[in-house]
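# Residue-level structure breakdown
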Amino acid sequence: MEGFSLQYIYLLLVVVAAAVFAWFMSKDAKKYVGSQNNLSKIHNSIISSLAYVNENMLDNGRFIYIRNIKDKYHINKKVYNTTNHARMLYSLYLCEKDLQIKELSERRRISAKYFVDEYVKQLGFGRYAVVSNPEEENLKCKKAKLSATAMALVAFSDLRPEKIIPEEIFEGMGQFLLFMQMKNGQFYNFYDIENGGIGENYNLNYTGDAPLGLLYLYEFNPKKKWLDSAKKGLIFLANLRKRLKEIPFDYSSILATEKLLNTEDNNLTDEEILLLRNHVISMVEQVIPKQIVNKDEQYYGALIDNIKPLSISCIVEGLIAAYGCLNDDLMKMRIMKSIDTGIKFLCLVQIQKGPLKGGFPNSADWKQLGVPKTASLVRMDTVQHALAACVMFQNMFKKD
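Below or above, wherever it landed, is the structure these notes cover.

So, how was this worked out
- Residues numbered from 1 in each chain as written.
- Predicted model: local features only at pLDDT ≥ 70, side-chain atom pairs only at ≥ 80, totals over all residues.
- Heavy atoms only, no water.
- Helix = DSSP H or I, 4+ residues; strand = E, 2+ residues; numbered from the N terminus.
- Buried < 20%, exposed > 50% of the residue type's maximum accessible area, 1.4 Å probe, protein only.
- Contact = heavy atoms within 4.5 Å.
- Axes fitted to C-alpha atoms, helices over the stretch in contact; angles between N-to-C directions.
- Left-handed = near helix turned anticlockwise from the far one by under 90°.
- Nonpolar A, V, L, I, M, F, W, Y, C, P; charged D, E, K, R; others polar.
- Salt bridge = Lys/Arg side-chain N within 4 Å of Asp/Glu carboxyl O.

### Comments concerning the overall build of the chain
- Secondary structure assignment for the chain yields 14 helices and seven strands.
- The burial tally for the chain puts 56% of its 400 residues in the buried class.
- In the chain, the proportion of contacts linking residues at least 24 apart, taken out of those at least 6 apart, comes to 69%.

### Some words on the side chain of Thr83
- One can find Thr83 in helix α3 (residues 82-99).
- In this structure Thr83 touches Lys145, Ser147 and Ala148, once residues within four positions along its chain are discounted.

### Examining the packing of helix α6 (residues 146-156) against helix α7 (residues 167-179)
- Running from N to C, α6 and α7 point in directions that differ by 145°, and their axes come no closer than 10 Å. The handedness of the crossing between α6 and α7 comes out as left-handed. For the pair formed by α6 and α7, the contact residues are Leu146, Thr149, Ala150, Ala152, Leu153 and Phe156 on the first element and Phe170, Met173, Gly174, Phe176 and Leu177 on the second.
- Counted by class, the contact of α6 with α7 contains nine nonpolar, two polar and no charged residues.

### Examining the pattern of salt bridges
- On inspection of all chains with the given rule, the structure shows 16 salt bridges.
- Ionic pairing is found between Lys224 and Asp228, a salt bridge with its closest N-O pair at 2.7 Å. Pair noted here: Lys224 and Asp228 are both in helix α9 (residues 224-241), with a separation of four residues, about one helical turn.
- Note that Lys290 and Asp305 form a salt bridge whose closest N and O atoms lie 3.7 Å from each other. Within this pair, whereas Lys290 is found in the loop between α11 (270-287) and α12 (309-325), its partner Asp305 is found in the loop between α11 and α12, the two being separated by 15 residues in sequence.
- Here the salt bridges share partners, and the residues they tie into one network are Glu96, Arg108, Arg109 and Asp158.

Next comes the structure, spelled out in C-alpha coordinates:
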(Lines give C-alpha, C1' and ligand atoms only; values in the text may rest on other atoms or scores of the structure.)
Protein backbone atom coordinates (compact mmCIF):
# COMPACT_ATOMS: atom_id res chain seq x y z
CA MET A 1 0.00 0.00 0.00
CA GLU A 2 2.89 2.31 0.88
CA GLY A 3 4.55 1.56 -2.48
CA PHE A 4 1.34 2.47 -4.25
CA SER A 5 1.13 5.78 -2.37
CA LEU A 6 4.72 6.66 -3.24
CA GLN A 7 4.08 5.80 -6.88
CA TYR A 8 0.95 7.94 -6.88
CA ILE A 9 2.81 10.88 -5.32
CA TYR A 10 5.61 10.48 -7.88
CA LEU A 11 3.16 10.52 -10.78
CA LEU A 12 1.42 13.54 -9.31
CA LEU A 13 4.72 15.38 -9.03
CA VAL A 14 5.56 14.50 -12.63
CA VAL A 15 2.21 15.87 -13.81
CA VAL A 16 2.64 19.09 -11.80
CA ALA A 17 6.20 19.53 -13.07
CA ALA A 18 5.04 19.00 -16.65
CA ALA A 19 2.28 21.57 -16.23
CA VAL A 20 4.68 24.12 -14.75
CA PHE A 21 7.19 23.41 -17.53
CA ALA A 22 4.46 23.84 -20.17
CA TRP A 23 3.38 27.15 -18.64
CA PHE A 24 6.91 28.54 -18.60
CA MET A 25 7.60 27.24 -22.10
CA SER A 26 4.47 28.93 -23.47
CA LYS A 27 5.50 32.21 -21.81
CA ASP A 28 9.06 31.85 -23.05
CA ALA A 29 7.86 31.05 -26.57
CA LYS A 30 5.78 34.21 -26.66
CA LYS A 31 8.67 36.24 -25.25
CA TYR A 32 11.05 34.79 -27.80
CA VAL A 33 8.90 35.37 -30.88
CA GLY A 34 7.99 38.82 -29.60
CA SER A 35 11.57 40.04 -29.63
CA GLN A 36 12.09 43.66 -30.62
CA ASN A 37 13.87 42.69 -33.82
CA ASN A 38 11.11 40.31 -34.88
CA LEU A 39 8.31 42.78 -34.16
CA SER A 40 10.20 45.48 -36.06
CA LYS A 41 10.15 43.26 -39.16
CA ILE A 42 6.42 42.67 -38.72
CA HIS A 43 5.80 46.41 -38.40
CA ASN A 44 7.75 47.05 -41.60
CA SER A 45 5.71 44.37 -43.38
CA ILE A 46 2.49 46.04 -42.22
CA ILE A 47 3.62 49.46 -43.45
CA SER A 48 4.62 48.00 -46.83
CA SER A 49 1.25 46.26 -47.16
CA LEU A 50 -0.60 49.47 -46.31
CA ALA A 51 1.45 51.32 -48.91
CA TYR A 52 0.45 48.70 -51.49
CA VAL A 53 -3.22 49.03 -50.52
CA ASN A 54 -3.02 52.82 -50.69
CA GLU A 55 -1.37 52.66 -54.11
CA ASN A 56 -4.04 50.28 -55.41
CA MET A 57 -7.10 52.05 -54.05
CA LEU A 58 -8.86 54.28 -56.57
CA ASP A 59 -10.14 57.73 -55.63
CA ASN A 60 -13.71 56.40 -55.34
CA GLY A 61 -12.67 53.72 -52.82
CA ARG A 62 -12.62 50.73 -55.16
CA PHE A 63 -9.55 48.48 -55.08
CA ILE A 64 -7.48 47.23 -57.99
CA TYR A 65 -8.09 43.55 -57.34
CA ILE A 66 -5.38 41.85 -59.43
CA ARG A 67 -1.87 42.84 -60.52
CA ASN A 68 0.87 40.69 -62.07
CA ILE A 69 4.51 40.78 -61.00
CA LYS A 70 5.66 39.75 -64.47
CA ASP A 71 3.47 42.33 -66.18
CA LYS A 72 3.47 45.03 -63.53
CA TYR A 73 2.16 47.80 -65.79
CA HIS A 74 -0.99 45.92 -66.83
CA ILE A 75 -3.99 46.51 -64.57
CA ASN A 76 -7.24 44.52 -64.72
CA LYS A 77 -10.01 46.72 -63.37
CA LYS A 78 -12.92 44.45 -64.32
CA VAL A 79 -12.34 41.44 -62.07
CA TYR A 80 -13.65 42.03 -58.55
CA ASN A 81 -14.92 40.28 -55.45
CA THR A 82 -17.29 41.93 -52.99
CA THR A 83 -16.45 39.56 -50.13
CA ASN A 84 -12.79 40.43 -50.34
CA HIS A 85 -13.54 44.17 -50.53
CA ALA A 86 -15.37 43.80 -47.21
CA ARG A 87 -12.48 41.78 -45.79
CA MET A 88 -10.01 44.49 -46.79
CA LEU A 89 -12.09 47.09 -44.97
CA TYR A 90 -11.90 44.78 -41.96
CA SER A 91 -8.09 44.65 -42.17
CA LEU A 92 -7.90 48.42 -42.37
CA TYR A 93 -10.25 48.57 -39.39
CA LEU A 94 -7.76 46.38 -37.47
CA CYS A 95 -4.96 48.79 -38.36
CA GLU A 96 -6.89 51.73 -36.94
CA LYS A 97 -8.23 49.91 -33.89
CA ASP A 98 -5.20 47.92 -32.77
CA LEU A 99 -2.24 49.85 -34.12
CA GLN A 100 -3.64 53.39 -34.13
CA ILE A 101 -2.57 53.85 -37.76
CA LYS A 102 -4.72 56.78 -38.89
CA GLU A 103 -3.25 57.58 -42.28
CA LEU A 104 -5.80 55.49 -44.19
CA SER A 105 -8.81 56.31 -42.01
CA GLU A 106 -10.42 58.78 -44.40
CA ARG A 107 -9.81 56.58 -47.40
CA ARG A 108 -11.31 53.61 -45.58
CA ARG A 109 -14.46 55.63 -45.01
CA ILE A 110 -14.59 56.57 -48.69
CA SER A 111 -14.14 52.91 -49.59
CA ALA A 112 -16.88 51.87 -47.15
CA LYS A 113 -19.31 54.38 -48.66
CA TYR A 114 -18.45 53.20 -52.19
CA PHE A 115 -19.09 49.61 -51.10
CA VAL A 116 -22.48 50.43 -49.60
CA ASP A 117 -23.57 52.55 -52.58
CA GLU A 118 -22.50 49.96 -55.15
CA TYR A 119 -23.22 46.62 -53.55
CA VAL A 120 -25.53 46.81 -50.52
CA LYS A 121 -29.13 46.38 -51.67
CA GLN A 122 -32.48 46.01 -49.96
CA LEU A 123 -34.11 42.60 -50.36
CA GLY A 124 -37.76 42.90 -49.50
CA PHE A 125 -38.92 44.33 -46.20
CA GLY A 126 -36.29 44.74 -43.51
CA ARG A 127 -33.44 42.85 -45.17
CA TYR A 128 -30.23 44.20 -46.67
CA ALA A 129 -27.42 42.21 -48.26
CA VAL A 130 -24.27 42.58 -50.32
CA VAL A 131 -25.19 41.80 -53.92
CA SER A 132 -22.57 40.73 -56.43
CA ASN A 133 -22.12 42.08 -59.95
CA PRO A 134 -22.22 39.01 -62.25
CA GLU A 135 -19.86 40.61 -64.79
CA GLU A 136 -17.21 41.26 -62.16
CA GLU A 137 -17.37 37.83 -60.54
CA ASN A 138 -18.15 35.65 -63.58
CA LEU A 139 -21.54 34.60 -62.24
CA LYS A 140 -24.70 33.58 -64.07
CA CYS A 141 -26.98 35.67 -61.90
CA LYS A 142 -26.99 38.34 -59.20
CA LYS A 143 -26.31 36.79 -55.82
CA ALA A 144 -26.86 38.17 -52.37
CA LYS A 145 -23.77 36.81 -50.64
CA LEU A 146 -23.67 35.51 -47.09
CA SER A 147 -19.93 35.99 -46.41
CA ALA A 148 -19.76 39.45 -47.98
CA THR A 149 -22.74 40.61 -45.90
CA ALA A 150 -21.27 39.15 -42.70
CA MET A 151 -17.85 40.68 -43.27
CA ALA A 152 -19.47 44.04 -44.06
CA LEU A 153 -21.03 43.95 -40.59
CA VAL A 154 -17.57 43.33 -39.12
CA ALA A 155 -15.86 46.01 -41.21
CA PHE A 156 -18.51 48.67 -40.64
CA SER A 157 -19.04 48.07 -36.93
CA ASP A 158 -16.94 51.04 -35.81
CA LEU A 159 -18.43 53.44 -38.38
CA ARG A 160 -21.89 53.66 -36.81
CA PRO A 161 -21.23 56.86 -34.80
CA GLU A 162 -20.21 58.67 -37.99
CA LYS A 163 -23.57 57.94 -39.69
CA ILE A 164 -21.85 56.99 -42.94
CA ILE A 165 -24.10 53.95 -43.12
CA PRO A 166 -27.82 54.18 -42.26
CA GLU A 167 -28.76 52.36 -39.06
CA GLU A 168 -31.40 50.25 -40.77
CA ILE A 169 -28.73 48.66 -42.96
CA PHE A 170 -26.99 47.10 -39.96
CA GLU A 171 -30.23 45.61 -38.69
CA GLY A 172 -31.20 44.57 -42.21
CA MET A 173 -27.92 42.74 -42.84
CA GLY A 174 -28.39 40.86 -39.58
CA GLN A 175 -31.91 39.90 -40.66
CA PHE A 176 -30.51 38.60 -43.96
CA LEU A 177 -28.04 36.37 -42.12
CA LEU A 178 -30.86 34.95 -39.97
CA PHE A 179 -32.91 34.36 -43.12
CA MET A 180 -30.03 32.34 -44.59
CA GLN A 181 -29.75 30.02 -41.60
CA MET A 182 -31.36 26.58 -41.56
CA LYS A 183 -33.04 25.08 -38.52
CA ASN A 184 -29.99 22.94 -37.76
CA GLY A 185 -27.75 26.02 -37.58
CA GLN A 186 -26.10 25.74 -40.98
CA PHE A 187 -26.03 28.72 -43.37
CA TYR A 188 -26.67 28.84 -47.10
CA ASN A 189 -24.01 30.62 -49.12
CA PHE A 190 -26.10 32.92 -51.31
CA TYR A 191 -29.55 34.02 -52.34
CA ASP A 192 -30.39 34.00 -56.06
CA ILE A 193 -32.08 37.37 -56.51
CA GLU A 194 -33.20 36.90 -60.12
CA ASN A 195 -34.80 33.50 -59.54
CA GLY A 196 -35.94 34.19 -56.00
CA GLY A 197 -34.38 31.21 -54.27
CA ILE A 198 -31.73 30.30 -51.74
CA GLY A 199 -28.63 28.82 -53.33
CA GLU A 200 -28.61 25.05 -53.32
CA ASN A 201 -24.89 24.93 -52.68
CA TYR A 202 -23.58 25.55 -49.21
CA ASN A 203 -19.94 25.43 -48.29
CA LEU A 204 -18.95 23.59 -45.15
CA ASN A 205 -15.35 24.72 -45.40
CA TYR A 206 -15.76 28.41 -44.61
CA THR A 207 -18.94 28.98 -42.68
CA GLY A 208 -17.65 30.98 -39.72
CA ASP A 209 -18.21 34.32 -41.43
CA ALA A 210 -21.91 34.56 -40.57
CA PRO A 211 -21.45 33.84 -36.83
CA LEU A 212 -18.56 36.32 -36.76
CA GLY A 213 -20.67 39.05 -38.37
CA LEU A 214 -23.55 38.37 -36.00
CA LEU A 215 -21.28 38.60 -32.96
CA TYR A 216 -19.94 41.97 -34.09
CA LEU A 217 -23.53 43.11 -34.62
CA TYR A 218 -24.46 41.86 -31.15
CA GLU A 219 -21.79 44.08 -29.59
CA PHE A 220 -23.59 47.28 -30.54
CA ASN A 221 -27.08 45.89 -31.10
CA PRO A 222 -27.45 43.45 -28.18
CA LYS A 223 -30.48 41.52 -29.35
CA LYS A 224 -30.53 37.91 -28.22
CA LYS A 225 -31.40 36.63 -31.69
CA TRP A 226 -27.99 37.62 -33.09
CA LEU A 227 -26.13 35.82 -30.29
CA ASP A 228 -28.36 32.74 -30.47
CA SER A 229 -27.89 32.45 -34.23
CA ALA A 230 -24.10 32.72 -33.94
CA LYS A 231 -23.99 30.08 -31.19
CA LYS A 232 -26.23 27.76 -33.16
CA GLY A 233 -24.05 28.08 -36.26
CA LEU A 234 -20.79 27.37 -34.44
CA ILE A 235 -22.21 24.47 -32.43
CA PHE A 236 -23.57 22.94 -35.64
CA LEU A 237 -20.10 23.03 -37.19
CA ALA A 238 -18.43 21.61 -34.09
CA ASN A 239 -20.88 18.72 -33.89
CA LEU A 240 -20.65 18.01 -37.61
CA ARG A 241 -16.87 17.99 -37.76
CA LYS A 242 -16.18 15.95 -34.63
CA ARG A 243 -17.27 12.89 -36.62
CA LEU A 244 -14.86 13.56 -39.49
CA LYS A 245 -11.29 12.26 -39.75
CA GLU A 246 -10.12 15.26 -41.77
CA ILE A 247 -11.67 18.68 -41.47
CA PRO A 248 -10.88 21.96 -43.23
CA PHE A 249 -9.02 24.71 -41.46
CA ASP A 250 -11.95 27.09 -41.21
CA TYR A 251 -10.12 30.12 -39.87
CA SER A 252 -13.23 32.31 -39.70
CA SER A 253 -15.01 29.87 -37.40
CA ILE A 254 -11.99 30.01 -35.06
CA LEU A 255 -12.18 33.82 -35.07
CA ALA A 256 -15.90 33.58 -34.29
CA THR A 257 -15.32 30.97 -31.58
CA GLU A 258 -12.77 33.20 -29.86
CA LYS A 259 -15.18 36.12 -29.98
CA LEU A 260 -18.07 34.02 -28.66
CA LEU A 261 -16.03 32.59 -25.78
CA ASN A 262 -14.93 36.12 -24.85
CA THR A 263 -18.52 37.42 -24.90
CA GLU A 264 -19.46 37.77 -21.23
CA ASP A 265 -23.15 36.91 -21.55
CA ASN A 266 -22.74 34.04 -24.02
CA ASN A 267 -24.65 31.62 -21.70
CA LEU A 268 -22.61 28.69 -22.99
CA THR A 269 -22.71 25.51 -20.92
CA ASP A 270 -19.47 23.78 -19.87
CA GLU A 271 -20.29 21.04 -22.38
CA GLU A 272 -20.68 23.56 -25.22
CA ILE A 273 -17.43 25.31 -24.29
CA LEU A 274 -15.59 21.98 -24.37
CA LEU A 275 -17.20 21.13 -27.71
CA LEU A 276 -16.17 24.46 -29.26
CA ARG A 277 -12.61 24.24 -27.92
CA ASN A 278 -12.22 20.68 -29.17
CA HIS A 279 -13.42 21.86 -32.58
CA VAL A 280 -10.67 24.50 -32.60
CA ILE A 281 -8.04 21.97 -31.47
CA SER A 282 -9.06 19.52 -34.20
CA MET A 283 -8.52 22.22 -36.83
CA VAL A 284 -5.17 23.24 -35.36
CA GLU A 285 -4.04 19.62 -35.47
CA GLN A 286 -4.79 19.54 -39.19
CA VAL A 287 -2.13 22.13 -40.02
CA ILE A 288 0.66 22.21 -37.42
CA PRO A 289 2.04 18.73 -38.30
CA LYS A 290 2.18 19.78 -41.98
CA GLN A 291 4.23 22.92 -41.40
CA ILE A 292 7.75 23.09 -42.80
CA VAL A 293 9.92 23.71 -39.71
CA ASN A 294 13.39 23.06 -41.11
CA LYS A 295 15.00 26.49 -41.48
CA ASP A 296 17.13 25.22 -44.35
CA GLU A 297 14.06 24.50 -46.45
CA GLN A 298 13.24 27.05 -49.16
CA TYR A 299 9.64 27.49 -48.05
CA TYR A 300 10.21 27.41 -44.31
CA GLY A 301 6.97 28.28 -42.52
CA ALA A 302 4.60 27.14 -45.29
CA LEU A 303 2.98 23.71 -45.42
CA ILE A 304 4.43 20.66 -47.12
CA ASP A 305 1.43 20.64 -49.45
CA ASN A 306 0.67 24.37 -49.65
CA ILE A 307 3.06 27.28 -50.29
CA LYS A 308 0.45 29.90 -51.11
CA PRO A 309 0.74 33.09 -49.01
CA LEU A 310 -3.07 33.43 -48.99
CA SER A 311 -3.52 30.03 -47.35
CA ILE A 312 -0.72 30.56 -44.85
CA SER A 313 -2.12 34.00 -43.93
CA CYS A 314 -5.55 32.53 -43.20
CA ILE A 315 -3.94 29.78 -41.13
CA VAL A 316 -1.98 32.33 -39.09
CA GLU A 317 -5.16 34.35 -38.48
CA GLY A 318 -6.88 31.21 -37.24
CA LEU A 319 -3.96 30.12 -35.07
CA ILE A 320 -3.80 33.52 -33.37
CA ALA A 321 -7.51 33.28 -32.56
CA ALA A 322 -6.98 29.69 -31.35
CA TYR A 323 -4.21 30.88 -29.03
CA GLY A 324 -6.68 33.35 -27.55
CA CYS A 325 -9.45 30.86 -26.80
CA LEU A 326 -7.62 27.73 -25.57
CA ASN A 327 -6.34 27.08 -22.08
CA ASP A 328 -3.95 24.18 -22.70
CA ASP A 329 -0.43 25.60 -22.21
CA LEU A 330 1.32 22.85 -24.18
CA MET A 331 -1.04 23.38 -27.11
CA LYS A 332 -0.59 27.15 -26.87
CA MET A 333 3.17 26.71 -26.98
CA ARG A 334 2.88 24.68 -30.20
CA ILE A 335 0.48 27.23 -31.66
CA MET A 336 2.73 30.18 -30.84
CA LYS A 337 5.75 28.57 -32.50
CA SER A 338 3.64 27.74 -35.55
CA ILE A 339 2.36 31.32 -35.75
CA ASP A 340 5.88 32.69 -35.57
CA THR A 341 7.08 30.32 -38.29
CA GLY A 342 4.16 31.19 -40.57
CA ILE A 343 4.72 34.92 -40.10
CA LYS A 344 8.37 34.52 -41.08
CA PHE A 345 7.27 32.82 -44.30
CA LEU A 346 4.98 35.74 -45.11
CA CYS A 347 7.71 38.31 -44.48
CA LEU A 348 10.09 36.32 -46.68
CA VAL A 349 7.77 36.09 -49.69
CA GLN A 350 6.47 39.67 -49.54
CA ILE A 351 7.57 41.73 -52.55
CA GLN A 352 10.38 43.98 -51.38
CA LYS A 353 10.89 46.38 -54.28
CA GLY A 354 9.36 47.76 -57.44
CA PRO A 355 5.87 49.12 -58.18
CA LEU A 356 4.22 46.13 -56.46
CA LYS A 357 6.25 46.46 -53.27
CA GLY A 358 4.24 45.32 -50.25
CA GLY A 359 2.15 42.86 -52.24
CA PHE A 360 2.26 39.06 -52.06
CA PRO A 361 2.45 36.59 -54.96
CA ASN A 362 -0.23 34.00 -55.45
CA SER A 363 2.37 31.30 -54.91
CA ALA A 364 5.81 31.43 -53.31
CA ASP A 365 7.38 29.56 -56.25
CA TRP A 366 6.34 32.15 -58.83
CA LYS A 367 9.95 32.57 -60.02
CA GLN A 368 10.35 28.89 -60.85
CA LEU A 369 10.12 27.53 -64.37
CA GLY A 370 6.99 25.62 -65.33
CA VAL A 371 4.70 27.00 -62.62
CA PRO A 372 1.17 28.11 -63.58
CA LYS A 373 0.85 31.65 -64.92
CA THR A 374 -1.38 32.51 -61.98
CA ALA A 375 1.56 32.03 -59.57
CA SER A 376 2.82 35.57 -60.21
CA LEU A 377 -0.54 37.26 -59.67
CA VAL A 378 -0.81 39.71 -56.78
CA ARG A 379 -4.37 39.55 -55.52
CA MET A 380 -5.88 42.03 -53.11
CA ASP A 381 -7.31 39.24 -50.94
CA THR A 382 -3.82 37.82 -50.36
CA VAL A 383 -2.57 41.24 -49.27
CA GLN A 384 -5.65 41.63 -47.05
CA HIS A 385 -5.21 38.35 -45.22
CA ALA A 386 -1.45 38.80 -44.80
CA LEU A 387 -2.04 42.31 -43.44
CA ALA A 388 -4.66 41.03 -40.98
CA ALA A 389 -2.36 38.21 -39.84
CA CYS A 390 0.56 40.58 -39.20
CA VAL A 391 -1.62 43.10 -37.35
CA MET A 392 -3.15 40.39 -35.17
CA PHE A 393 0.30 38.98 -34.44
CA GLN A 394 1.75 42.33 -33.44
CA ASN A 395 -1.30 43.05 -31.32
CA MET A 396 -0.71 39.89 -29.27
CA PHE A 397 2.34 41.53 -27.71
CA LYS A 398 0.76 44.94 -27.38
CA LYS A 399 -1.59 43.44 -24.78
CA ASP A 400 1.25 42.22 -22.55
